[in-house]
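An overview of the molecular structure
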Number of protein chains: 2
Amino acid sequence: MTRPRIVIIGAGFGGLAAAKALKDAPVDVTVLDRTNHHLFQPLLYQVATAGLAAPSIAAPIRHVLRRQANTTVLLAEVVGIDVPAREVLIDGEGETGRERIPYDHLIVAAGATHSYFGRDDWAEHAPGLKTLDDAYAIRNRILATFEQAERLTDPSARAACLRFVVIGGGPTGVEMAGTLAEIARHTLPGEFRRFDARSTEVLLLEGGPRVLAAYPEDLSDSARRQLESLGVQVRLNARVTAIDARGVDVSTPAGSERIGTGNVIWGAGVKASPLGQLLAQSTGATLDRAGRVQVLPDLSLPLHPEISVIGDLAVIESGGKSVPGIAPAAKQMGWCAAANVQARIAGQPVRPFVYKDYGSMATIGRHRAIAQMGRFKFGGIFAWWLWLFAHVFFLIGFRNRIAVMIDWAAQYWTMQRHARIFLAGDRKRQ
Amino acid sequence: MTRPRIVIIGAGFGGLAAAKALKDAPVDVTVLDRTNHHLFQPLLYQVATAGLAAPSIAAPIRHVLRRQANTTVLLAEVVGIDVPAREVLIDGEGETGRERIPYDHLIVAAGATHSYFGRDDWAEHAPGLKTLDDAYAIRNRILATFEQAERLTDPSARAACLRFVVIGGGPTGVEMAGTLAEIARHTLPGEFRRFDARSTEVLLLEGGPRVLAAYPEDLSDSARRQLESLGVQVRLNARVTAIDARGVDVSTPAGSERIGTGNVIWGAGVKASPLGQLLAQSTGATLDRAGRVQVLPDLSLPLHPEISVIGDLAVIESGGKSVPGIAPAAKQMGWCAAANVQARIAGQPVRPFVYKDYGSMATIGRHRAIAQMGRFKFGGIFAWWLWLFAHVFFLIGFRNRIAVMIDWAAQYWTMQRHARIFLAGDRKRQ
């Protein structure tokens, strides 16, 4: 008797949790991902801002799953899903032809990417932050900017060069703006001879009335004040209407404005993986505005109990509230989907997904953060220490935890950032 | 009175040593480099083989020199040297125009790059290892190869895929071949489901009669035996006559052979920076066959006492022997050139460069190395521990030393390599 074949698309928090939960099950698991690594995305902004080296927050997927004899990991881009035939189509390169991976159960955990709200021409000038490629691109741009400023002689050209505009007051935008301000104020002063790094301007543009809008209003206010104490200029109700190589056009209730800058970072929009669209076409599943797939309470698709969708690609309610697109939710969905697949194989009833909210936090800078855990809300130094330990604790792999702790301890004492390296080739590509 | 202006081209071991030696001198120093980092090149092969993260062996030049108030660091590519006007021309990008940097004294420490002996078309198929860009390119290729092998179904295609050919039995070739064999035997087994990583073949091709030819013959023999004990196939007197995307043509005393492989690493030839050519044209200096500049005993150029050439770009004898192109020699030249520049400014006599040989070592793999110190020669585990401590000791920056020690301790116990990450974008670019 052949064992049930389970294919998991994506090895982010959701997909990896599902794969691990199937460790001892009498099934054959295939994990497909288009990168070779699981990424600890909550710390990606640290790679982008030269605080951590990439290997500290990324682990090879096949290494994480090496002791699961029932699991095969393939580096592959999914190019199609043949729902009637129950096969996933993966790309081929060179001697590797396109391949069809048959499944009895499919778990789709393909995540999300950033969205420019239909203005994809902005991408070139305002890189977003979702992958390690993105993080390196942003790091190179930030480091090259300061190097460029040391070469410039015209003060007004230098001022525009040293103006960073971060678009979007969500967690990524807040982390990036706070960290950039810290770098300008604490890391770089003393290293340049032709300008003062403290003259760097960091602007955070948020289209709505407050930053970190997913949090209660008083925490949003606290976050804004903490950002401003770092020197970040926070502009609320500021909608971006154009981005080009030389600046950003902003519309506010007070009127329109042009902000000259060559350094824009995009933290505004998120949209689901295009696999959502593909599933909608082939199964009739419903998508929300961000392209996420509406799933049944057990995380499967209507009429297709053999397909589950989890993580940032899924839209579902739990306890009357919509489940947030954060790592703990994705993990919990992974466990639930794996359990339901096993229940179906065993002919047992499936269980609905129930999201357990352990709270959430956002970091702003050294000694600055906000946190919410049930009824408890707090901001500042205690939230920051909590954030720090939680993030180190959940990092994959013992070595990575130690490496990150050492890096952070060194950063804490010296205000330095050790990953301030960019490649000659990347400089040329800019 | 304006202070004498000293320009240093290149912040490798030689240029950085010269800059540091001028810390307290009443001069204005400008350091030009085309990357933002000083690279600890002896450990570059560890980045290429996923053992270390790039920031562990690279430090921002301006950070290293931040406390030297008399020193300006510029990220710039040197495009010309106007010897009569005493100015260095650097490139411009965007709003930064081309700039002329005037000097009273010039120290050229532009180093070397790899050479394909006039066959630059081989570069595409056989990447060399001189920069961080190179190291990432090789790392991506190695990791992608094993991922590719897990996708292949045809056994003969997989065998060619899993054959690595390293060309050149010098230190780089020996380190790369030894490490690749270790990865195949100790790091990866157990992580793949469709093949056994131990079936990986590693061939080291050397055109001459022995590996590490700069060492005494018995140490060369020891190195070859240590390589073979790791599973490397060492082929001596094997001259490469062609390289293409599918393999390598080799000519040996026994006849010609075609070796099928898609993985070739180049460790064979080195040639001096093109700045050597430029200096020869404008000063009449003599070049050797590798393009290195013949310098006077005090490291300056004939008829041009205001220009010194040091490091891998210089050719000079000391004690009747030619000074080797290794880090300690470059550092010593940097100190000597800085002292001579100061002597000239003070109107004092310059001193000739004397190379102090502290010995040399080459590593092959875990517990495997050779070392020579004066009359003492040894190979094996003791040489390896010595190599390890010497390299950690000389690494720039306290943090890097700790990070490298932790990585190596983790590698030592677990046989794992933590930097096994490659980017989705790099995969596409291949």
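Going by what an unreviewed UniProt entry lists, chain A is known as NADH:ubiquinone reductase (non-electrogenic) and is assigned to Piscinibacterium candidicorallinum. Under Sequence similarities (unreviewed entry), UniProt gives the following word-for-word description of chain A: "Belongs to the NADH dehydrogenase family." UniProt annotates chain A under Catalytic activity (unreviewed entry) with the comment "a quinone + NADH + H(+) = a quinol + NAD(+)".

Quick look at the sheet that holds strand S11 (residues 163-167) of chain B now. Residues and elements named next belong to chain B. Strands sit in the order S13-S12-S11-S17 across an open sheet of four strands; the sheet is parallel. In this open sheet, the two strands that pair with only one neighbour each are strand S13 (233-235) and strand S17 (263-266). Neighbour-to-neighbour, the strand axes of the sheet open up by a mean angle of 20°, direction not taken into account. Examined bridge by bridge, S11 and strand S12 (residues 201-205) share five bridges and lie parallel to one another. Paired with Arg163 across the strands is Glu201, a residue of S12.

Consider a sheet: its strands pair through backbone hydrogen bonds, and that pairing is either parallel or antiparallel. All names here are of chain A. With respect to topology, three strands assemble into an open sheet ordered S6-S7-S8, the strand pairing being antiparallel. In the strand order of this sheet, the two ends are held by strand S6 (78-82) and strand S8 (99-102), each with one partner. Pairs of neighbouring strands in the sheet enclose a mean axial angle of 25°, with direction left out of account.

Residues and elements named next belong to chain A. A cluster of nonpolar residues, Ile381, Phe382, Trp385 and Phe389, forms a patch on the protein surface that exposes about 430 Å² of accessible area. Note on placement: Ile381 falls in helix H10 (residues 381-394). Under the relative-accessibility criterion, Ile381 is labelled partly exposed at 45%.

Our focus in this paragraph is the relation of the copies chain B and chain A. Mapping chain B onto chain A calls for a rotation angle of 180° and an axial translation of 0.0 Å; the resulting RMSD is 0.0 Å. Those values place the two copies in the arrangement expected of a two-fold rotation axis. A symmetric contact is evident, with 100% of the interface residues of chain B recurring at the interface of chain A.

This part takes up the domain arrangement of chain A. Once the domains are mapped, chain A shows domain 1 (5-34 + 76-111 + 273-345) and domain 2 (115-269 + 360-429). Distance between the C-alpha centres of domain 1 of chain A and domain 2 of chain A: 32 Å.

A word on the pairing of strand S2 (residues 28-33) of chain B. Residue and element names in this part refer to chain B. Taken across its six residues, S2 has five buried, putting it largely inside the fold. Across five bridges, the pairing between strand S1 (residues 5-9) and S2 is parallel. Paired with Arg5 across the strands is Asp28, a residue of S2. Once the chain exits S1 it traverses helix H1 (residues 13-21) before rejoining the sheet at S2, and the crossover so formed is right-handed. The pairing of S2 with strand S5 (residues 71-75) spans five bridges and is parallel. Bridged to Leu32 within S5 is Leu74.

Right, let's get into helix H8 (residues 275-283) of chain A. Since the α-helix turns once every 3.6 residues, residues separated by three or four places project in the same direction. All names here are of chain A. Listed as buried for H8 are Leu275, Gly276, Leu279, Ala280 and Thr283. For H8, the angular spread of buried residues about the axis comes to 145°, placing them on one side. Those residues of H8 hidden inside the fold are in contact with strand S1 (5-9), S6, strand S9 (105-108), strand S19 (293-294), strand S20 (300-301) and strand S21 (304-309).

Here the focus is the interface of chain B and chain A. With 64 residues of chain B at the interface, the matching set in chain A holds 64 residues. Summed over both sides, the interface of chain B with chain A buries roughly 5,800 Å², with 51% coming from carbon and sulfur. There are 10 salt bridges connecting chain B and chain A. We note a salt bridge from Arg151 of chain B to Glu99 of chain A, for which the minimum N-O separation is 3.5 Å.

Glancing now at unusual backbone geometry. All names here are of chain A. Residues other than glycine seldom take positive phi values, yet Ala50 does so here, at roughly 70°. Mapped onto the elements of the fold, Ala50 is located in the loop between helix H2 (44-48) and strand S4 (58-60). By relative accessible area, which is 2% here, Ala50 ends up buried. At Arg86, a position not held by glycine, the phi torsion is positive, near 55°. The topology assignment puts Arg86 in the loop between S6 and strand S7 (87-90). Taking relative accessible area as the criterion, Arg86 reaches 35% and is therefore assigned partly exposed.

The next subject is helix H1 (residues 13-21) of chain A. All names here are of chain A. Most of H1 sits inside the fold, with seven of its nine residues counted as buried. For H1, the set of buried residues is Phe13, Gly14, Gly15, Leu16, Ala17, Ala18 and Ala19. Where H1 is buried, its residues contact S1, strand S2 (28-33), strand S3 (37-39), helix H3 (61-64), S9 and helix H9 (327-345).

Here we come to the packing of H1 of chain A against H9 of chain A. Residue and element names in this part refer to chain A. Running from N to C, H1 and H9 point in directions that differ by 35°, and their axes come no closer than 7 Å. Crossing angle aside, the handedness with which H1 passes H9 is right-handed. Contact with H1, carried on its side by Phe13, Gly14, Ala17, Ala18 and Ala21, involves Ala327, Ala330, Lys331, Gly334, Trp335, Ala338 and Gln342 of H9 and no other residues of that element. For the contact of H1 with H9, a count of residues per class yields eight nonpolar, three polar and one charged.

Residues and elements named next belong to chain B. With respect to the element layout, Asn70 can be found in the loop between helix H3 (61-64) and S5. Separated by 2.8 Å, the side chains of Asn70 and Thr71 make a polar contact. Those residues in contact with Asn70 that lie beyond four places of it in its chain are Arg3, Leu22, Lys23, Ala25, Val27, Asp28 and Val29.

Cut-off values and rules
- Residues numbered from 1 in each chain as written.
- Chains lettered and ligands numbered in written order.
- Predicted model: local features only at pLDDT ≥ 70, side-chain atom pairs only at ≥ 80, totals over all residues.
- Heavy atoms only, no water.
- UniProt positions renumbered as here; feature names shortened; annotations may be inferred.
- Pairing = 2+ DSSP bridges.
- Helix = DSSP H or I, 4+ residues; strand = E, 2+ residues; numbered from the N terminus.
- Axes fitted to C-alpha atoms, helices over the stretch in contact; angles between N-to-C directions.
- Patch = residues over 30% accessible without salt bridge, like charges linked within 9 Å, V, L, I, M, F, W, Y side chains within 5 Å.
- Areas by Shrake-Rupley, 256 points an atom, 1.4 Å probe, with all protein chains shown as cover.
- Salt bridge = Lys/Arg side-chain N within 4 Å of Asp/Glu carboxyl O.
- Buried < 20%, exposed > 50% of the residue type's maximum accessible area, 1.4 Å probe, protein only.
- Least-squares fit on C-alpha atoms with pLDDT ≥ 70 in both.
- Contact = heavy atoms within 4.5 Å.
- Domains from an automatic or database assignment.
- Right-handed = clockwise from strand over helix to strand, strands pointing away.
- Arc of directions from axis to C-beta.
- Buried area = accessible area lost by both parts, 1.4 Å probe.
- Left-handed = near helix turned anticlockwise from the far one by under 90°.
- Nonpolar A, V, L, I, M, F, W, Y, C, P; charged D, E, K, R; others polar.
- Polar contact = N/O pair within 3.5 Å; in protein donor to acceptor, adjacent residues only side chain to side chain.

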